[in-house]
Amino acid sequence: MTNAPRPGQVPAPRLHSQTQPFRTVEEAWFWTMAALVARRDGARIVSGAGLVSRPCEPDDVVKCLDRLYRQRRIELLHVRILRIWGERQQVPDPRYPREKADWRLWREAMSRLDWPLRLKGIVDGPALPTPEGAEILAFPGAIPGGLPEQPR
């Protein structure tokens, strides 16, 4: 016996639209926060109903952030700053003294969230710029020339 669908239950043909990843991690975060705010205000989030098809759901970005928190790569203060400024849909401005500390935490959180989102294909744009003026400091007590060979 074949499983023929009934006339009223024929699945709708899917349009073969390509998903469009975000260009930056900040764009992905602002999209996620807009969806979470809309959900909190009573909107129903439906997959594929937006103008642009995205490669993830808002909860996927939140799960990446949660994993970073559980791995102790970010702290609750990072998450708090991401939430506050994500709801405002803007980046803290380091030119204002009241926002300078928030900007530093924002940049730390964005730089740590960037890699997991790239691995999942959510972000596919230019990588975050590396901080200029950063230098590698020698660890006190380090052996000059590196680690000795380990016997096998």
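Residues numbered from 1 in each chain as written. Predicted model: local features only at pLDDT ≥ 70, side-chain atom pairs only at ≥ 80, totals over all residues. Heavy atoms only, no water.

1. Let's talk about the overall build of the chain
Just so we agree on the cut-off: Runs of H or I in DSSP of at least four residues are treated as helices and runs of E of at least two as strands, each being numbered from the N terminus. Using a 1.4 Å probe on the protein chains alone, a residue whose accessible area is under 20% of its type maximum counts as buried, one over 50% counts as exposed, and one in between counts as partly exposed. Any two residues whose heavy atoms approach within 4.5 Å are treated as being in contact. Throughout, the Shrake-Rupley method with a 1.4 Å probe supplies accessible areas, and for residues the shown protein chains are the sole cover considered.
Scanning the chain for helices and strands turns up four helices and zero strands. In the chain, the order of α-helices and β-strands from amino to carboxyl end is α-α-α-α. Out of the 152 residues in the chain, the part that is buried amounts to 24%. Counted over contacts in the chain with a minimum sequence separation of 6, partners at least 24 positions apart contribute 69%. Of the roughly 12,300 Å² that the chain leaves accessible, carbon and sulfur atoms contribute 54%.

2. Structural notes on the side chain of His 78
On the secondary structure map, His 78 appears in helix α3 (residues 76-88). Given a relative accessible area of 5%, His 78 falls into the buried group. With near-sequence residues (within four places) excluded, His 78 lies in contact with Leu 105, Glu 108, Ala 109 and Arg 112.

3. Focus on helix α1 (residues 25-40)
Where we set the bar: In this scheme, a helix's expected span is set at 1.5 Å multiplied by one less than its residue total.
Compared with the 22 Å implied by 1.5 Å per residue over 16 residues, the 22 Å span of α1 between its first and last C-alpha is a close match. Residues Val 25, Glu 26, Ala 28, Trp 29, Phe 30, Thr 32, Met 33 and Ala 35 constitute the buried set of α1. Taken together, the buried residues of α1 touch α2 (58-70), α3 and α4 (97-119). Backbone geometry just after α1 places Gly 42 at a positive phi near 110°.

4. Let's talk about the environment of Thr 32
With respect to the element layout, Thr 32 can be found in helix α1. Distance from Thr 32 to Glu 57, taken between C-alpha atoms, is 8.0 Å for residues 25 residues apart in sequence. Excluding anything up to four places from it in sequence, Thr 32 contacts Pro 58, Val 61 and Val 62.

5. Thoughts on the pattern of salt bridges
Filter applied, for reference: In the sections that follow, a salt bridge refers to a side-chain nitrogen of Lys or Arg positioned within 4 Å of a carboxyl oxygen of Asp or Glu.
Inspection of every chain in the model, using the stated rule, returns ten salt bridges. Notably, a salt bridge pairs Glu 87 with Arg 83, separated by 3.6 Å at the nearest N-O pair. Here Arg 83 and Glu 87 lie together in helix α3, a separation of four residues that amounts to about one turn. When its relative accessible area of 38% is taken as the criterion, Arg 83 is described as partly exposed. In this structure, Arg 104 engages Glu 108 in a salt bridge whose closest nitrogen and oxygen atoms are separated by 2.8 Å. Of this pair, Arg 104 and Glu 108 both sit in helix α4, separated by four residues, roughly a single helical turn. Residue class for Arg 104 comes out partly exposed when judged on its relative accessible area of 44%. According to the relative accessible area criterion, Glu 108 is partly exposed, its value standing at 23%.

6. Structural notes on the confidence of the model for the chain
Interpretation of this model should avoid reading the predicted coordinates in detail wherever pLDDT is low. This is how the line gets drawn: The quantity known as pLDDT measures the predictor's confidence residue by residue, on a range of 0 to 100.
Mean pLDDT for the chain: 82, with 68% of residues reaching 70 or above. Here α1 stands out as the least confident element of the chain, with mean pLDDT 94; α3 is the most confident, with 97.

7. Observations regarding unusual backbone geometry
Residues other than glycine seldom take positive phi values, yet Arg 72 does so here, at roughly 60°. Its place among the elements puts Arg 72 in the loop between α2 and α3. In the Ramachandran plot, Gln 89 falls in the positive-phi region, its phi being about 60° despite a non-glycine side chain. Assignment of secondary structure puts Gln 89 in the loop between α3 and α4.

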